[in-house]
Number of protein chains: 4
Amino acid sequence: MGNDNSLVKEIREFNKQMDWDKFHTPENLAKSISIEAGELLECFQWNSEYNPAEVREEMADVYTYLLMMADVIGVDLNEIALEKLEKTKAKYPVDKFRGISTKYNKLETE
Amino acid sequence: MGNDNSLVKEIREFNKQMDWDKFHTPENLAKSISIEAGELLECFQWNSEYNPAEVREEMADVYTYLLMMADVIGVDLNEIALEKLEKTKAKYPVDKFRGISTKYNKLETE
Amino acid sequence: MGNDNSLVKEIREFNKQMDWDKFHTPENLAKSISIEAGELLECFQWNSEYNPAEVREEMADVYTYLLMMADVIGVDLNEIALEKLEKTKAKYPVDKFRGISTKYNKLETE
Amino acid sequence: MGNDNSLVKEIREFNKQMDWDKFHTPENLAKSISIEAGELLECFQWNSEYNPAEVREEMADVYTYLLMMADVIGVDLNEIALEKLEKTKAKYPVDKFRGISTKYNKLETE
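The structure reproduced in this document is the subject of the present report.

Calculation rules
Residues numbered from 1 in each chain as written. Chains lettered and ligands numbered in written order. Predicted model: local features only at pLDDT ≥ 70, side-chain atom pairs only at ≥ 80, totals over all residues. Heavy atoms only, no water. Least-squares fit on C-alpha atoms with pLDDT ≥ 70 in both. Contact = heavy atoms within 4.5 Å. Buried area = accessible area lost by both parts, 1.4 Å probe. Salt bridge = Lys/Arg side-chain N within 4 Å of Asp/Glu carboxyl O. Polar contact = N/O pair within 3.5 Å; in protein donor to acceptor, adjacent residues only side chain to side chain. Helix = DSSP H or I, 4+ residues; strand = E, 2+ residues; numbered from the N terminus. Nonpolar A, V, L, I, M, F, W, Y, C, P; charged D, E, K, R; others polar. Axes fitted to C-alpha atoms, helices over the stretch in contact; angles between N-to-C directions. Parallel < 35°, antiparallel > 145°, perpendicular 65-115°, else oblique. Left-handed = near helix turned anticlockwise from the far one by under 90°. Buried < 20%, exposed > 50% of the residue type's maximum accessible area, 1.4 Å probe, protein only. Expected span 1.5 Å × (residues − 1). Arc of directions from axis to C-beta. Phe/Tyr/Trp six-rings, centres within 6.5 Å; stacked < 30°, edge-to-face > 60°.

## Considering the relation of the copies chain D and chain C
Thought 1: Mapping chain D onto chain C calls for a screw motion: a turn of 180° about the axis and a shift of 0.0 Å along it, with 0.0 Å RMSD after fitting. What we have between these two chains is a two-fold relation.
Thought 2: Counting the interface residues of chain D, we find that 100% of their copies in chain C are interface residues as well, pointing to one common contact surface.

What follows is the structure in structure tokens.
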């Protein structure tokens, strides 16, 4: 994925032009991400086959609201994803969790 | 946001090492995005105040699964978000929708 | 399912006793239903197998918030579900949609 | 809420007639509940005001899929909600949590 500073700027500019900024509180954006994630899930409601064009569009919506939320609360998505990856690596040592989808805490108690 | 090719590569490598690739079908990733979006929403369940550290972590989870899904089905998130922005601009002309959150189709029929 | 007037009353009483009513706006309950639906989905995140006890508990959470929302905005769940069933029957005539999961509007355009 | 055995029977019969039963695995119904919960949330996307008719319809959809899931996996919604209420009462003693929305575990560690 290339540099998308320009994408964030374009989205920001469009929202400003539309006077839509006022709707974009962190809470409303969290709702919006959930709503769009539901629409993405709808592409897979009854089976695992999917329409690529629909999936692309719903993924774009989730991503756009995520970029807007990151912009509003001032975080860098790539930075926080890297941080989280480091946490995940520490939590799930390869030798113990290879091939297992069960969550850490469940594995411990089972 | 800077270039995150390296982030995608790191995530991909970790999943391969863990043998978690087999779980990452488009359908399962769509479910995962929805689940994590729900956890992000939980940060705002009873009011608009939020714990920044929790919000960062949940946003990271949504973004990570979104990156994985983009990688699995072969789309570029920035590209599809830009495409969608162009569509949105065409659908909501500034002079008609400035300051209005109502959706296009609803505005038409009201 | 038996009569659950007593269940709604018990939930209502508990919330009053806890002074939790103030959190239960329709908006917050809609968020809560979405959050709990995400937790229910998590029981099926990586495959179709599930832990019955976990599924029961998450279904109970979705249902409880749904009952609370119905109570707050003054609707009867069974009544609105019956209304919706009649609409669905009208929208999807048996002879045209038997065995087809595709939605009405999609079938039309395909 | 009155007795809705007849509602469940009607839904079951309609699905059988449509040959839609085959789509109604617990996993697909969990996805469906999440999708419809997202549509319910959409009624509150940008603010707390809502269109009652839309909210009723989305609540009906969540409830219908919940009834179908309960029917498929063989649980009684009112029974599991009562069970969960008892658990919640035990977890949140009135004297300690009155007027507090913070979750049990968070209160403990803060």
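## What about the interface of chain D and chain C?
Thought 1: On the chain C side, the residues contacting the 67 residues of chain D number 67 residues.
Thought 2: Roughly 6000 Å² is buried in total at the junction of chain D and chain C, and carbon and sulfur atoms are behind 65% of that figure.
Thought 3: Here chain D and chain C share ten salt bridges between them.
Thought 4: Residue D:Lys84 pairs with C:Asp61 through a salt bridge whose shortest N-O separation is 2.6 Å.
Thought 5: Inspection of the chain D/chain C interface yields 18 residue pairs in polar contact (both at pLDDT 80 or more).
Thought 6: Contributing elements (two or more residues each) for the side of chain D that touches chain C: helix H1 (5–18), helix H2 (26–42), helix H3 (52–73), helix H4 (77–91) and helix H5 (94–97) of chain D.
Thought 7: Sorting elements by how many residues they give to the side of chain D that touches chain C places H3(D) first, with 14 residues.
Thought 8: For the side of chain D that touches chain C, the class distribution of residues is 36 nonpolar, 13 polar and 18 charged.

## Focus: the packing of helix H1 (residues 5–18) of chain C against H4(D)
Between two packed helices, what matters for the description is the angle formed by their axes and the separation of those axes.
Thought 1: Put simply, H1(C) and H4(D) touch, their axes get as near as 10 Å, and they point 20° apart. When the axes of H1(C) and H4(D) are compared, the pair comes out roughly parallel. Between H1(C) and H4(D) lies a crossing whose hand is left-handed. Taken together, the residues of H4(D) that come into contact with H1(C) (itself represented by C:Leu7, C:Glu10, C:Ile11 and C:Phe14) are D:Asn78, D:Ala81, D:Leu82, D:Leu85, D:Glu86, D:Thr88 and D:Lys89.
Thought 2: Among the residues forming the contact of H1(C) with H4(D), the class breakdown is six nonpolar, two polar and three charged.

## Remarks on the pattern of salt bridges
Thought 1: Summed over all chains, the structure comprises 32 salt bridges over all chains.
Thought 2: The residue A:Glu10 makes a salt bridge to B:Lys89 at a minimum N-O spacing of 3.3 Å. With one member in each of two chains, A:Glu10 in helix H1 (residues 5–18) and B:Lys89 in helix H4 (residues 77–91) form a pair that bridges those chains.
Thought 3: Judged by relative accessible area, B:Lys89 falls into the partly exposed class, the value being 30%.
Thought 4: Here A:Lys87 makes a salt bridge to B:Glu57, at a shortest N to O gap of 2.7 Å. Taken together, the residues A:Lys87 in helix H4 (residues 77–91) and B:Glu57 in helix H3 (residues 52–73) connect one chain to another.
Thought 5: Overall, A:Lys87 belongs to the partly exposed group, its relative accessible area being 47%.
Thought 6: Beyond isolated ion pairs, a larger network of salt bridges with shared partners links A:Glu57, A:Asp61, B:Lys84 and B:Lys87.

## A look at H1(C)
Thought 1: If you check H1(C), its first and last C-alpha atoms are 20 Å apart, about what 14 residues at 1.5 Å a residue would give, namely 20 Å.
Thought 2: Within H1(C), burial applies to C:Leu7, C:Val8, C:Ile11, C:Phe14, C:Asn15 and C:Met18. Buried residues of H1(C), seen end-on, are gathered within an arc of 130° and therefore sit on one face of the element. Turned more than 90 degrees off the buried face of H1(C), the exposed positions are C:Lys9, C:Glu13 and C:Lys16.
Thought 3: Along its buried surface, H1(C) packs onto helix H3 (52–73) of chain C together with H4 and H5 of chain D.
Thought 4: Directly beyond the C-terminal end of H1(C), a positive phi value near 60° is found at C:Asp19.

## Re the interface of chain A and chain B
Thought 1: Listed by partner, the interface residues are 67 residues for chain A and 67 residues for chain B.
Thought 2: A buried area of about 6000 Å², summed over both sides, lies between chain A and chain B, and 65% of it is on carbon and sulfur atoms.
Thought 3: Summed over the shared surface of chain A and chain B, the result is ten salt bridges.
Thought 4: The partner of A:Arg56 in a salt bridge is B:Glu83, with the nearest N and O atoms 2.8 Å apart.
Thought 5: Scanning the region where chain A abuts chain B turns up 19 residue pairs in polar contact (both at pLDDT 80 or more).
Thought 6: Put simply, the parts of the chain that give the side of chain A that touches chain B at least two residues each are H1, helix H2 (26–42), helix H3 (52–73), H4 and helix H5 (94–97) of chain A.
Thought 7: Broken down by class, the residue content of the side of chain A that touches chain B amounts to 36 nonpolar, 13 polar and 18 charged.

## Thoughts on the packing of aromatic side chains
Thought 1: The final tally for this structure, using the stated rule, is 26 aromatic pairs over all chains.
Thought 2: Relative to A:Phe97, the ring of A:Tyr92 has its centre 5.0 Å away and its plane inclined at 80°; by these criteria the two rings are edge-to-face. A:Phe97 carries the same exposure label as A:Tyr92, and that label is buried.
Thought 3: Where C:Phe14 meets C:Trp20, the ring centres are 5.6 Å apart and the plane angle is 80°; that geometry is what we call edge-to-face.
Thought 4: Assessed through its relative accessible area of 5%, C:Phe14 is described here as buried.
Thought 5: Look at C:Trp20 and you get buried, because its relative accessible area is 13%.
Thought 6: Taken together, A:Phe14, A:Trp20, B:Tyr92 and B:Phe97 form an aromatic cluster joined through their ring pairs.

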